Amino acid sequence: MKKEKLKFSSFSNLGKIAILFMILLIFMAIFSPYICSHPYNLPSGSPFEPPNGVHWFGTDDLGMDLFSQICYGARISLLVGISAALIAGIGGGILGILAGYYGGIIDKIIMRIVDIMIVLPDLPMMIILGAFFGPSIKNIIFVLAFFSWTGPARIVRSKVLSMKKENYILVAESYGAGFGYLLFKHFIPEILPILMVTIIKLTSKAIVAEAGLAFLGLGDPTSKSWGLILNHAINFRGIYFTDFWKWWVMAPLIAIIFLVLSIAIISRDLEKILNEKL
């Protein structure tokens, strides 16, 4: 069946809005030093200023501008989410291809490791490993990727197993085609759309997990991630007995919700456009 080409017009209206939001967020993250008129890590106003013309999202308890913190925090969220998803997707995809193509003892070893990883509770293990390795961006990316590669591995293995039975693969093998030829000529072109959708979904999961770890105090204290902003706001004594939560808590919370929803909508539309069932 002929696949629909990937064009902007192929996305739904919600998908187009989500893509535009992602472009805007990436632009804000990259050019935050030029967009933000206040530093994100130094006081630039009075504590607890509500949103106004000078501080668009208000200020926190130290007088630091929340809009600048959101812009710089987008860097951390996108960096962690995309990096963890790429490492998990590519690593899991490679293991899935090896398990599906070679089978035998290689398949058994990889799939038994996958079974063990699936049984382990993600969040408690992430908390333990995050506390063990220490709070840093690299460690968070490693921990998130370590608990995310099993999904791509299983999906890719299933696809390769079904492709091995196709006539064109059997004919190519009968003419002496090796693993390298089949990999680049047949496997990767068929697997790439599935893997792309899976990586996008993993990005959303990694962003939420990073925000959760930072919220629990396991994020990098030197970075202004959205989870760390939430952690600082909610741990402020009496936050809900004042009006401060209306901008101090809601700003990072809304940013996380909008980002995760946008990625979910984009992945849903991509899945339809690429005509793949995961």
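Everything here concerns the structure above.
Residues numbered from 1 in each chain as written. Predicted model: local features only at pLDDT ≥ 70, side-chain atom pairs only at ≥ 80, totals over all residues. Heavy atoms only, no water.

**With respect to the overall build of the chain**
Turning to step 1, where the next piece is worked out: Looking only at helices and strands, the chain has twelve helices and zero strands in total.
Turning to step 2, where the next piece is worked out: Overall, the chain shows an N-to-C arrangement of helices and strands of α-α-α-α-α-α-α-α-α-α-α-α.
Turning to step 3, where the next piece is worked out: If one aligns the C-alpha atoms of the chain with their principal axes, the spans along those axes are about 75 × 45 × 30 Å.
Turning to step 4, where the next piece is worked out: Pairs at least 24 residues apart make up 70% of the contacts formed inside the chain by residues separated by at least 6 positions.
Turning to step 5, where the next piece is worked out: With an accessible surface of roughly 14,600 Å², the chain has 70% of that area assigned to carbon and sulfur atoms.
Turning to step 6, where the next piece is worked out: Taken as two groups, the 23 positive and 17 negative side-chain charges of the chain have centres that lie 9 Å from each other. (Helix = DSSP H or I, 4+ residues; strand = E, 2+ residues; numbered from the N terminus. Contact = heavy atoms within 4.5 Å. Areas by Shrake-Rupley, 256 points an atom, 1.4 Å probe, with all protein chains shown as cover. Lys, Arg positive; Asp, Glu negative; His and termini not counted. Charge placed at Lys NZ, Arg CZ, Asp CG, Glu CD.)

**Considering the packing of helix H9 (residues 179-215) against helix H12 (residues 250-273)**
Turning to step 1, where the next piece is worked out: Relative to each other, H9 and H12 sit at 165°, their axes nearing to 9 Å. On the basis of the axis angle, H9 is roughly antiparallel to H12. Note that H9 runs across H12; the crossing there is left-handed. Facing H9, whose interface residues are Val197, Ile200, Lys201, Thr203, Ser204, Ile207, Val208 and Ala211, H12 presents Ile256, Leu259, Val260, Ile263, Ser267, Leu270 and Glu271.
Turning to step 2, where the next piece is worked out: A breakdown of the residues in the contact of H9 with H12 according to their chemical character gives ten nonpolar, three polar and two charged. (Axes fitted to C-alpha atoms, helices over the stretch in contact; angles between N-to-C directions. Parallel < 35°, antiparallel > 145°, perpendicular 65-115°, else oblique. Left-handed = near helix turned anticlockwise from the far one by under 90°. Nonpolar A, V, L, I, M, F, W, Y, C, P; charged D, E, K, R; others polar.)

**Section: the packing of aromatic side chains**
For any two aromatic rings, the description comes down to two numbers: the centre-to-centre distance and the angle of the planes.
Turning to step 1, where the next piece is worked out: The tally for this structure, following the rule as stated, stands at 18 aromatic pairs.
Turning to step 2, where the next piece is worked out: Their ring planes at 25° and their centres at 4.2 Å tell us that Tyr40 and Tyr72 sit as a pair that is stacked. Of this pair, Tyr40 sits in the loop between helix H2 (32-35) and helix H3 (66-102) while Tyr72 sits in helix H3; the two residues are 32 residues apart in sequence, bridging distant segments of the chain.
Turning to step 3, where the next piece is worked out: On the basis of relative accessible area, Tyr72 is assigned to the buried category, the value being 18%.
Turning to step 4, where the next piece is worked out: Pairing Phe132 with Phe133 gives two aromatic rings, centres 5.2 Å apart and planes at 80°, and the pair type is edge-to-face.
Turning to step 5, where the next piece is worked out: Judged by relative accessible area, Phe132 falls into the exposed class, the value being 66%.
Turning to step 6, where the next piece is worked out: For Phe133, a relative accessible area of 37% puts it in the partly exposed group.
Turning to step 7, where the next piece is worked out: A connected cluster of aromatic rings, assembled from ring pairs, spans Phe48, Phe236, Phe244, Trp247 and Trp248. (Phe/Tyr/Trp six-rings, centres within 6.5 Å; stacked < 30°, edge-to-face > 60°. Buried < 20%, exposed > 50% of the residue type's maximum accessible area, 1.4 Å probe, protein only.)

**Structural notes on the pattern of salt bridges**
Side-chain pairs of opposite charge can arise where the charged atoms are in close proximity.
Turning to step 1, where the next piece is worked out: Taken as a whole, this structure holds six salt bridges when the rule is applied.
Turning to step 2, where the next piece is worked out: With a closest N to O distance of 2.7 Å, Arg157 and Asp107 form a salt bridge. With Arg157 in helix H7 (residues 150-164) and Asp107 in helix H4 (residues 104-119), the pair connects residues that are 50 residues apart, well separated along the chain.
Turning to step 3, where the next piece is worked out: A salt bridge links Lys205 to Asp122, with the shortest nitrogen-to-oxygen separation between them at 3.7 Å. With a gap of 83 residues between them, Lys205 in helix H9 and Asp122 in helix H5 (residues 122-133) connect regions that are remote in the sequence. (Salt bridge = Lys/Arg side-chain N within 4 Å of Asp/Glu carboxyl O.)

**Section: the side chain of Asn231**
Turning to step 1, where the next piece is worked out: The topology assignment puts Asn231 in helix H10 (residues 226-234).
Turning to step 2, where the next piece is worked out: By relative accessible area, Asn231 is classed as buried at 17%.

**Observations regarding empty space enclosed by the protein**
Turning to step 1, where the next piece is worked out: This model, assessed by the stated rule, comprises one cavity of 30 Å³ or more.
Turning to step 2, where the next piece is worked out: The wall of the largest cavity is formed by Gly130, Gly134, Pro135, Asn139, Ile140, Val143, Leu213 and Leu218.
Turning to step 3, where the next piece is worked out: If one sorts the elements of the lining of the largest cavity by residue count, helix H6 (residues 137-146) sits on top with three residues.
Turning to step 4, where the next piece is worked out: Partitioning the lining of the largest cavity into residue classes produces five nonpolar, three polar and no charged. (1 Å grid on protein atoms, 1.4 Å probe; cavity = no way out; pocket = protein on both sides within 12 Å on 5 of 7 lines; lining within 4 Å. Points joined across faces, edges and corners; volume = space filled by probe spheres on them.)

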